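Examining the three-dimensional arrangement
Single-letter residue listing:
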Amino acid sequence: MRIILMRHGQAEDRSRPDSARQLTEFGQQQAAQTANYIINSYKPSHLIVSPYDRAQQTLAEIHALVPNAPVTVQDNITPSDNAIDALAELATIEVDCLVVVCHMSIVANIAGLLTNDYPESFSLAEARVFEMDFVMSGMAKEIDRFVPMQPS
């Protein structure tokens, strides 16, 4: 099984509530770059996304390339949620390749749980690929990562 964890692309400033922040034009470009990388390298079979707008917009770039993949909104993968609870819910989904689009710091904390390593920050729209026999803390190995262009 593979889980691809991805952080959303660059978002606008904090003039709106956090859940309503939109991707910038640059953030959409980042999301498209990462989506193309994921689709050209892997075959996502299920897509999971945070309920926040910027994560949904990021996932839309991937879903446009794999329109038949089911999409699930997972409410407990927002920036301040508990990674242990989020991972427990992800473990209930049995597919070959799961893509999860969410936020810092939960994305780093989920990655840390999967590999039993200290959480490492994700760049904007970065994707990391983990391989495991089953979803459980400490059972995964990171096999790939992709970082799109970053703001200068």
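In short, a report on the structure. All values derive from a computational prediction rather than experimental measurement.

Notes on the nonpolar core
By size, the foremost hydrophobic cluster in this structure holds 23 residues, and its most contacted members are Leu5, Ile77, Val100, Ile110 and Leu114. Mapped by element, the contributors of at least two residues to this core are β1 (2-7), α3 (83-90), β4 (97-102) and α4 (106-115). In this structure Leu114 touches Leu5, Leu87, Phe130, Met132, Val135, Met136, Ser137, Gly138, Met139 and Ala140, once residues within four positions along its chain are discounted. Membership of the second largest hydrophobic core comes to 18 residues, among which are Met6, Tyr42, Ala127 and Val129.

Comments concerning helix α2 (residues 53-63)
Every buried residue of α2 is listed here: Arg54, Ala55, Thr58, Leu59 and Ile62. With its buried residues spanning 135° around the axis, α2 presents them on a single face. If you follow the buried residues of α2, they end up packed against β1, α1 (25-41), β2 (46-49), β3 (71-73) and β4.

Here's the deal with α3
Since the α-helix packs 3.6 residues into each turn, any two residues three or four apart lie on the same face. For α3, the set of buried residues is Ala83, Ala86, Leu87 and Leu90. Down the axis of α3, the buried side of the element spans an arc of 95°, and every buried residue falls inside it. Of the surrounding elements, those touching the buried residues of α3 are β2, β4 and α4. For α3, the capping residue at the N-terminal end is Asn82, with a side-chain oxygen 2.7 Å from the backbone nitrogen of Ile84.

Considering the packing of α3 against α4
Look at α3 against α4: their axes get within 9 Å of each other, and the N-to-C directions meet at 65°. Relative to α4, the element α3 is oriented roughly perpendicular. Handedness of the α3/α4 crossing: right-handed. Here Ala83, Ile84, Ala86, Leu87 and Leu90 of α3 lie close against α4, whose contacting residues are Ile106, Asn109, Ile110, Leu113 and Leu114. Of the residues belonging to the contact of α3 with α4, the class tally is nine nonpolar, one polar and no charged.

Quick notes on the sheet that holds β3
Within a sheet, neighbouring strands are paired by backbone hydrogen bonds and run either parallel or antiparallel to one another. Read across the open sheet, the six strands follow the order β3-β2-β4-β1-β5-β6; overall the sheet is mixed. Looking along the sheet, the strands with just one partner apiece sit at the ends: β3 and β6 (141-146). Averaged over neighbouring strand pairs, the angle between their axes works out to 20° when direction is ignored. As defined by bridge partners, β2 adjoins β3 across three bridges and the pair is classed as parallel. The partner of Leu47 across the bridge, within β3, is Val71. In this fold α2 packs onto β1, β2, β3 and β4, with an angle of close to 165° to the strand it touches most, β2.

Calculation rules
Residues numbered from 1 in each chain as written. Predicted model: local features only at pLDDT ≥ 70, side-chain atom pairs only at ≥ 80, totals over all residues. Heavy atoms only, no water. Core = buried A, V, L, I, M, F, W, Y, C linked by side-chain atoms within 4.5 Å. Buried < 20%, exposed > 50% of the residue type's maximum accessible area, 1.4 Å probe, protein only. Helix = DSSP H or I, 4+ residues; strand = E, 2+ residues; numbered from the N terminus. Contact = heavy atoms within 4.5 Å. Arc of directions from axis to C-beta. Polar contact = N/O pair within 3.5 Å; in protein donor to acceptor, adjacent residues only side chain to side chain. Axes fitted to C-alpha atoms, helices over the stretch in contact; angles between N-to-C directions. Parallel < 35°, antiparallel > 145°, perpendicular 65-115°, else oblique. Left-handed = near helix turned anticlockwise from the far one by under 90°. Nonpolar A, V, L, I, M, F, W, Y, C, P; charged D, E, K, R; others polar. Pairing = 2+ DSSP bridges.

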